[in-house]
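# Architecture at a glance
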Amino acid sequence: MLATRLDRRAFLKISAAATGGLLVSVYFDPADPLHAQTPAPPAQNYVPTAFVCVSLDNIFTITAKNPEVGQGIKTMLPMLIAEELDVDWKDVRVEQADLDESLYGRQVAGGSTSTPINWDPLRRVGAACRQMFVTAAAQTWSVPVSECTTSSGRVLHSASNRTATYGSLAAKVATLTAPDLKSVTLKDPKDYKIIGYTKPGVDSLSIVMGRPLYSIDYRVPNMLWAVYEKCPVFAGKIVSANLDDIKKEPGVRHVFAIDGTTDLLGLMPGIAVVADTWWQAKSAREKLKVKWDEGATAQQSSEGFLQQARGLSKQPATMTLRKDGDTAATLQSSAKTVEAEYVYPFIAHAPMEPENCLAHFHDGRLEFWSPSQTPERGRQLCAQVLGIPPEKITVHMLRAGGGFGRRLTNDYMAEAGAIAKQVGVPVKLLWTREDDFHHDHYRPAGYHFLKGGVDSAGKLVAWDNHFVSFGADGKFAPSCGIDGNQFPGTFLTNFTFNASLMPSGIPTYALRAPGSNAFSWVFQSFLDELAHAAGKDPVQFRLDLLALPRVSNPQYKSDGPEIDGARMAGVVKLAAEKSGWGTRKLPSGTAMGMAFQFSHRGHFAGVVELTVNAQKQVKVNKAWVVGDVGSQIINPGAAENECQGAVLEALSSVMSYEITIEKGRAAQSNFHEYEPVRINQVPPVIEVHFLKTDNSPTGLGEPALPPILPAVCNAIFAATGERIRSLPLAKHGYSWA
């Protein structure tokens, strides 16, 4: 699905750089399916996706085109070009691109898409550039191209003992016709000097030195500060407020109401307070007295949703996501059946850096400095709600202090833009931590009512799931849906997956490993229940399922790539081997749990070993993560970091993360009520292994997280006999040791 067509509609553009060096851009046809996901594709005939600047002193500046939110893409994407360009990494400088999808193609941080989309095209960019430098040198020396080689940003002709730097050849290269990208020769992976070797993040030194690097740090001259007060109930409207009183507060320059829209993910109604300093704006805001029309959402609650879901589960489902065979009859004839209710809560993204955005409206144009994960969508949102043509909106992409999906939506950009448009000077909007918790676009809660059956041989033969989620009129609310082909779908001949919807006024959207961060816990926990009922080892039970022939049903086509049974079996077996599954005698109260998940093109298995004491205190002794993301691990150190970070986030989610809705508002306000795992609570060892297979490389931001939650709960069951069917664990009396 992600194969890229590199034909004659994809070509290099060569021009002289202002420094006297060389500027190289690569263009792709915007009609290519690879770019079809780009919101509001530009009207230009061609879309460039990368460029390189070569200076006369042989320094190579490579533009990082995608937003950096901590996933390491600002380092990884330039590595692809540098490898095939055949330059030394020490001679590479990386610059962050501004938003310009007519210049760089799709600029998004989300869905672990940067690697699969860019793996082939950006390497070919580097290879094409290298080929042109070789051609330029061969022509200069009047020797055959075949006699020239490259190394460390130089062309070599061993027969005459001549060398030339790329920089010295730049003027000559600028006169050449670029090669067809499809025809260039890529390196044999055994010759890689950059790909497959750990490279520190290009911003790492600045981060550890505490240099102003993040969006929250960014300032411009004559800037004012803003805060934005919204109704605690989502989409509530202003009835009245003491605006005149607030205007008299120290440092306050402007106070005004913004009508907003009805879009839960866009510009909500609120009151802007603009002052000389952020503290002055925040202090004045605390004296606001606002009467709100809270609307119908004020009647909604987490407990109310749970009761509605239970009621709907007893009624016929309204949607069929997938149906194979006769599940009901097979359940009736099964040797053993298991029935269970699984519930997971709303959770917040809670990035360390609260939402913020700098905006300046001047000369009919709106300029942003934003940490958005989807800056083009932000630009389009602001154009729509503020009535400014998109071409008159500029977005400078700044490094975000985490995102985890929260910055896929751009409400904070719309707020900053609306304030700046009215004020007319640069304004920095900065949310409080409480704003971040109270006005998140949450990972949705979900309710699964499951039945499963095993035969007399202990094989899984039937699976029925009635999934209750949020939405209306047969359409799921944002990020509340699920693909009906989720495992064990397509592996069982008797499989039913239905859904029912209930309306909600709570804003929801994607969180790291969207969807699978929740339903992996459900499905992999219930699989463990069925393995136990069958008297089977949980690992072998999974391997037996993965070995079954696939069930084809053209009525239920997946929206994207699907699990490969053999690849998943490979990571499950390796995880079992590395963890010593079934080969070690563990002390009383100590046990292991296993789970796997296909998520965002990655096949991952996780094993957790933990100890539970009599006070229900949990200590994770060790975790193992095994993944198959294809043939190459581009930056191994960063890849290991991604997987270890996924484990830590999963531990926070499984133990304590929960947003409780009460009277239409989020009850939790800060980290004292939403506790992440602490450094003394993390496992001392998180072992990461990659199984390399002959598949094109895919991303790592998401797929390592989902299996860890069920692995923890399965281990708790093995240690205590208590099956966890609702999250977080803290609700069941558990805590970290």
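Along each chain, residues carry numbers from 1 onward, in the same order as the chain's sequence is written. Per-residue local features are limited, in this predicted model, to residues with pLDDT of at least 70; the limit for side-chain atom pairs, both in listing and counting, is 80 or more; totals at the level of whole chains, interfaces and linings are taken over all residues. Only hydrogens and water are removed before side-chain values are computed, so all heavy atoms of the structure are retained for them.

Bringing the sheet that holds strand E7 (residues 154–157) into the picture now. When DSSP finds two or more bridges between two strands, those strands count as paired. The helix and strand labels rest on DSSP assignments: H or I over at least four residues marks a helix, E over at least two residues marks a strand, and numbering proceeds from the N terminus. In space, the 3 strands of this open sheet follow the order E6-E7-E8, with antiparallel pairing throughout. In this open sheet, the two edge strands, each paired with only one partner strand, are strand E6 (148–151) and strand E8 (162–165). Each adjacent strand pair in this sheet contributes to an overall mean axis angle of 25 degrees, direction not counted. Contacts are residue-level and defined by heavy atoms, with any inter-residue pair within 4.5 Å sufficient. Orientation is described by lines fitted to C-alpha atoms, with helices fitted over the stretch in contact, and by angles between N-to-C directions that extend from 0 to 180 degrees. Set on the sheet, helix H3 (residues 114–141) makes contact with E6, E7 and E8; between it and E7 the angle comes to about 45 degrees.

Take the packing of aromatic side chains next. Two aromatic rings from Phe, Tyr or Trp, using only the six-membered ring of Trp, form a pair when their centres are within 6.5 Å; if the ring planes differ by under 30 degrees the pair is stacked, by over 60 it is edge-to-face, and anything between is tilted. Throughout the structure, instances matching the rule amount to 22 aromatic pairs. Taken together, a centroid distance of 5.4 Å and an interplanar angle of 85 degrees make the contact between Phe437 and Phe671 edge-to-face. With a gap of 234 residues between them, Phe437 in helix H12 (residues 433–438) and Phe671 in the loop between strand E28 (665–666) and strand E29 (685–690) connect regions that are remote in the sequence. Relative accessibility thresholds used throughout: buried, under 20% of the residue-type maximum; exposed, over 50%; partly exposed, between the two (1.4 Å probe, protein chains only). Taking relative accessible area as the criterion, Phe671 reaches 16% and is therefore assigned buried. Arranged with centres 5.2 Å apart and planes meeting at 75 degrees, the rings of Trp463 and Phe526 form a pair that is edge-to-face.

The definitions used throughout rest on a 1 Å grid laid over the protein atoms alone, on which a cavity is an enclosed set of points accommodating a 1.4 Å probe that cannot get out and a pocket is an open set flanked by protein within 12 Å on both sides along at least five of seven lines; lining residues are those having an atom within 4 Å of a point. Grid points are joined across faces, edges and corners, and a volume is the space filled by probe spheres set on the points. Summed over the entire model, instances satisfying the criterion amount to 8 cavities of 30 Å³ or more. Here the largest cavity is characterised by a volume of approximately 110 Å³. What lines the largest cavity is a set of 15 residues, among which Lys230, Phe234, Leu264, Met268 and His439 lie closest to the centre. Residue classes in the lining of the largest cavity are distributed as 8 nonpolar, 4 polar and 3 charged. Just so you know the grouping, Ala, Val, Leu, Ile, Met, Phe, Trp, Tyr, Cys and Pro go in nonpolar, Asp, Glu, Lys and Arg go in charged, and all remaining residues, Gly too, go in polar.

One recurring pattern in soluble globular proteins: nonpolar side chains tend to sit buried together. In this description, a nonpolar core means a group of buried Ala, Val, Leu, Ile, Met, Phe, Trp, Tyr and Cys residues linked to one another through side-chain atoms lying within 4.5 Å. Residues Tyr447 and Trp463 are the most contacted members of the largest nonpolar core, which totals 116 residues. Of all the elements, helix H13 (residues 516–534) adds the most residues to this core, at 10 residues. Of all hydrophobic cores here, the second largest spans 38 residues; its members include Leu77, Met79, Val155 and Ala164.

With that settled, the discussion passes to the sheet that holds strand E19 (residues 427–430). The strand order across the open sheet formed by 7 strands is E11-E12-E9-E19-E16-E17-E18, and the pairing between neighbours is mixed. With one partner strand each, in any of the chains shown, strand E11 (252–258) and strand E18 (393–397) form the two edges of the open sheet. Mean inter-strand twist for the sheet, computed between neighbouring axes without regard to direction, equals 20 degrees. Where strand E9 (residues 224–230) and E19 come together, 3 bridges link them in parallel fashion. Bridging from a neighbouring strand, Ala226 pairs with Leu429 of E19. Here helix H10 (residues 375–386) sits on the sheet in contact with strand E17 (365–370) and E18, set at roughly 150 degrees to E18. Relative to the sheet, helix H11 (residues 411–423) contacts E9, E11, strand E12 (270–275), strand E16 (356–362), E17, E18 and E19, its axis offset from that of E16 by approximately 35 degrees.

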